[in-house]
Amino acid sequence: MFNSVDVILDVKLDASSIDQVSETLAQNLLEDGIVSKEVARSRICVEEVMRVWGEQLGEDKECRLVREKYFSKSYYAVYVEGKSVDPIQYEDSLFSSISNNPNMVKALGLNAEYRYAGGVNKLMIYSSTKHSNPMKYVLFALFLALVIGSGLRLFVPDIATMVASTFVKPLLDTLMKMIRLISVPLIFLSIVCGINGMEDVAVFGKIGKRMIKRIIGMTIVFASICWFIISFWYPLSFSESTSSGNSIEALLALVLDIVPSDLVSPIQTGNALQIIFVAVCLGVGMLFISDDTTISMSLLNQLNSVVQLLMRGISRILPALIFLCVMNFTTNSDAHVLVEIMIPLVTIILICLLFVLGYGLYASIVSKIPYFTLLKHQLPSYLLALSTASSAAVFNTNIECCCEKLKIDKFMAIFAIPFGQILFMPGAVVDNVVITVFMASKYGIDMTPSWVLSLILMATIIAIAAPPIPGGALSGITIIFSQLGLPMEAIPFATTIMLFSDYFSTACNIACLQQELLIETSSASTLPFRKK
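What you are looking at is a predicted structure, and each value in this text was computed from that prediction instead of being measured.

### Section: the environment of V49
Residue placement: V49 occurs in helix α2 (residues 36–57). The class for V49 is buried, based on a relative accessible area of 0%. Residues V49 and P87, spaced 38 residues apart in sequence, show a C-alpha to C-alpha distance of 5.8 Å.

Now the structure itself:
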C-alpha cells in the first residue's frame, strides 16, 4: 500500500490523557531509534500543543494519536476535531519546533507541523533526520574523476576522447537539461507558496512588511559591495554602443521589460525577471483573497512539493555531476580549468569572511557589545553551519545564540529567525555575483552598466527567492546565466565552484542574520516588534 494509518490511542483532552499521549509517543519514537534528545523535544512539543487545544477547545474533546505511513516515510500525528486552533498563536516557545508552513518545516528541519483541514486540527511529528556531511562524497568523486580522467588522457588518449564524446558529454548534457527543466517552476512556485505561507495579511503588514524591506535592502547592499570589490579585477565595459544615451536606454528597457505583455510569453521566452514578476503578483493577490483561493493554493503547494522533491532527488546525485564535470575537463585536456576554478572559489571565501567580520563590527558598534565577545558568541553556530552547509542543522543553535547569548528580543527572534534563514542570504549573493562575473569574463561577455545592474537585481532576487533546499542555489544560478546571456556550458564550472563554496556561504548567511537581528533590536525603531 502507498499509505496507511494505524490508530495508537483514543483519549480525551484532559491532563491525564496529555501525559498518556506524550508518554506513548516517546516510547514509540525510542523504539524507532530516535535519539533521546529529539524524543524529549517532541514530547514537550506535544504536551504544549495538547494543553493549548484543551484550553481553547475543551477537555471533553476527543483526541487521537496515530501513526501514518506515506510511501516509505512515516510520522506520528495527533488529531482533535473542532475550530482551527493554531498552537503557534498561543505559545511563543513553539516557534522553534512547529510551523504551519510545510515548506518551512522542510527548510528549517523542524520536527512538527500544524495543519487544519476538514474541521480537524492535526499535529504531525517527524523524526529529525541526521544532517550528514556530503563533502566526503564530493571529494571522493573529485579524486576519482581526476585519477581516471588523467590516467586515460596520459596513457590511452584515443580511449579518453571516445569516453568523453560517447558517455561523459551526453550524460552531463542530460543532467544540465534536467536542472534547467526544473529551475523555472522551482523558483516560480517557491515565490508564490512562500508569499502565501505568511497567511495572515495583518501579520504581514505589521511585522513581515518591515522585515522584508530590510532583507531586500541589505541584500542589494551586499550584492553591490560584492560587485565593487571584484570590479577592480573585472572592470566595466564602456564601448561605444553602451555610452551616454544608449546606456540610459538599456537601463530603462531593463526596468520596463520586467512587466510581460501576457502570461504565456515569459514561459515561452524563458524571461526569468518576468516569470518572477508574475509569481510575486500572483502570490500577493492570492494572499489578500486567501479565503477564496483555498483549493488553488492547495494545488500549488502540492506542485511545489513535487518540484522540490525532484530537485532533492537531483541534488542526491551531485557527486555524480561533479564526477562527470571533472571527467569532461580532464579527458578533453582541459585540466587547467580546475586551476582557474580556484580563483572565484577563493574570492567567494574571502568576501564571505569580510562580510561576517565587517558586518559584525557594525553590529558591535550599534549594540555596544565588544567586538570579540560578539564573534565568540557567534562562533559555535558559525562552525556548525561551516561543517554541514545546512541552515536546517543550525536552526536550534541559531535560536539559542540569538536569545541567550546575544540577548536579542525573544519575540523578534522567534519570528525573524525562521523567515530570515529562508530569505536573508548574503552568502548566496556572493556566490551569484562572483561566479557570474567570472564566467562572463571567461566567455568574453561585455559587462556593461546595464548588464551589471541586471546582475545585481537578479542576484538579489534569486538569493531571496531560491528555496533553501539541496540544489536550490544551483537552480538559481541557471536562471541568472540564462537571463544574462551566459552559455549553458558554463553551468558545470559553476556547479563545481558552488558545491565547495556552499559551506562558507551558508556560514556567512547564519552569521550575518544574527548580526542583522542584533542591529534591529538595538534600535529604538524595533519597538513595534516587541511583545507588550
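### Regarding the nonpolar core
One recurring pattern in soluble globular proteins is that nonpolar side chains are buried together. Ranked by size, the top nonpolar core spans 124 residues in total, and within it L321, V433, I435, M439, W451 and F481 carry the most contacts. Element by element, the count of residues in this core is highest for helix α19 (residues 491–521), at 16 residues. For M439, the contacting residues outside a window of four places in its chain are F481, L486, A490, F493, A494 and I497. With 27 residues, the next largest nonpolar core counts I34, V78, A112 and I125 among its residues.

### Comments concerning the state of the cysteines
Applying the stated criterion across every chain, the model contains zero disulfides. Here C512 is not cross-linked by a disulfide; its sulfur's nearest cysteine counterpart is in C508, at 3.9 Å. Residue class for C512 comes out buried when judged on its relative accessible area of 0%.

### Re the pattern of salt bridges
Evaluated as defined, the whole model comprises ten salt bridges. One salt bridge in this structure joins R64 and D10, with 2.9 Å as the shortest N-O distance. In this pair, R64 sits in strand β2 (residues 62–70) while D10 sits in strand β1 (residues 3–12), placing the two residues 54 residues apart along the sequence. For R64, a relative accessible area of 37% puts it in the partly exposed group. By relative accessible area, D10 is classed as partly exposed at 45%. Residue E68 pairs with K122 through a salt bridge whose shortest N-O separation is 3.3 Å. With E68 in strand β2 and K122 in strand β6 (residues 120–125), this pair connects stretches of sequence that are 54 residues apart.

### Describing a nonpolar patch on the surface
On the surface, L154, F155, V156, I159, M162, F167 and L171 cluster together into a nonpolar patch covering about 730 Å² of accessible area. Taken together, the elements giving at least two residues each to the nonpolar patch come down to α4 (135–155) and α5 (157–196). With four residues, the single largest contributor to the nonpolar patch is α5. Residue placement: L154 occurs in helix α4.

### Quick word on helix α1 (residues 15–31)
Over its 17 residues, α1 extends 25 Å from the first C-alpha to the last, a length consistent with the 24 Å expected when each residue adds 1.5 Å. Listed in full, the buried residues belonging to α1 are S17, I18, V21, S22, T24, L25, A26, N28 and L29. Phi for G33, located one or two positions after α1, is positive at around 90°.

### Digging into the side chain of S17
Relative to the elements of secondary structure, S17 occurs in helix α1. At a separation of 2.8 Å, a polar atom in the side chain of S17 contacts the side chain of D14. Excluding residues that lie within four positions of it along the chain, S17 makes contacts with V11, K12 and M50.

### As for empty space enclosed by the protein
Under the definition given, this model contains two cavities of 30 Å³ or more. Of the voids in this model, the second largest cavity is the one considered here, and its volume is about 40 Å³. As for the second largest cavity, its lining consists of V184, I187, A272, I275, I276 and I479. Here the residues of the lining of the second largest cavity are counted per class, giving six nonpolar, no polar and no charged.

### Topic: the packing of aromatic side chains
For any pair of aromatic rings, the description consists of the separation of the ring centres together with the inter-plane angle of the planes. Summed over all chains, the structure comprises nine aromatic pairs. Consider the rings of W53 and Y114, whose centres lie 6.5 Å apart with planes at 55°: the pair is tilted. One end of the pair, W53, is in helix α2; the other, Y114, is in strand β5 (residues 112–117), and 61 residues separate them in sequence. Each member of the pair, W53 together with Y114, is buried. With 6.5 Å between their ring centres and 70° between their planes, Y443 and F493 make a pair best called edge-to-face. You can see Y443 sitting in the loop between α16 (426–442) and α17 (449–465) and its partner F493 sitting in helix α19, a full 50 residues away along the chain. For F493, a relative accessible area of 9% puts it in the buried group. Counting every residue linked through ring pairs, the aromatic cluster contains F222, F355, Y359, Y362 and F424. The positively charged end of K442 is found above the aromatic ring belonging to F493, 5.3 Å away from the centroid.

Reading the values: rules and limits
Residues numbered from 1 in each chain as written. Predicted model: local features only at pLDDT ≥ 70, side-chain atom pairs only at ≥ 80, totals over all residues. Heavy atoms only, no water. Helix = DSSP H or I, 4+ residues; strand = E, 2+ residues; numbered from the N terminus. Buried < 20%, exposed > 50% of the residue type's maximum accessible area, 1.4 Å probe, protein only. Core = buried A, V, L, I, M, F, W, Y, C linked by side-chain atoms within 4.5 Å. Contact = heavy atoms within 4.5 Å. Disulfide = S-S within 2.5 Å. Salt bridge = Lys/Arg side-chain N within 4 Å of Asp/Glu carboxyl O. Patch = residues over 30% accessible without salt bridge, like charges linked within 9 Å, V, L, I, M, F, W, Y side chains within 5 Å. Areas by Shrake-Rupley, 256 points an atom, 1.4 Å probe, with all protein chains shown as cover. Expected span 1.5 Å × (residues − 1). Polar contact = N/O pair within 3.5 Å; in protein donor to acceptor, adjacent residues only side chain to side chain. 1 Å grid on protein atoms, 1.4 Å probe; cavity = no way out; pocket = protein on both sides within 12 Å on 5 of 7 lines; lining within 4 Å. Points joined across faces, edges and corners; volume = space filled by probe spheres on them. Nonpolar A, V, L, I, M, F, W, Y, C, P; charged D, E, K, R; others polar. Phe/Tyr/Trp six-rings, centres within 6.5 Å; stacked < 30°, edge-to-face > 60°. Lys NZ or Arg CZ within 6 Å of the ring centre and 35° of its normal.

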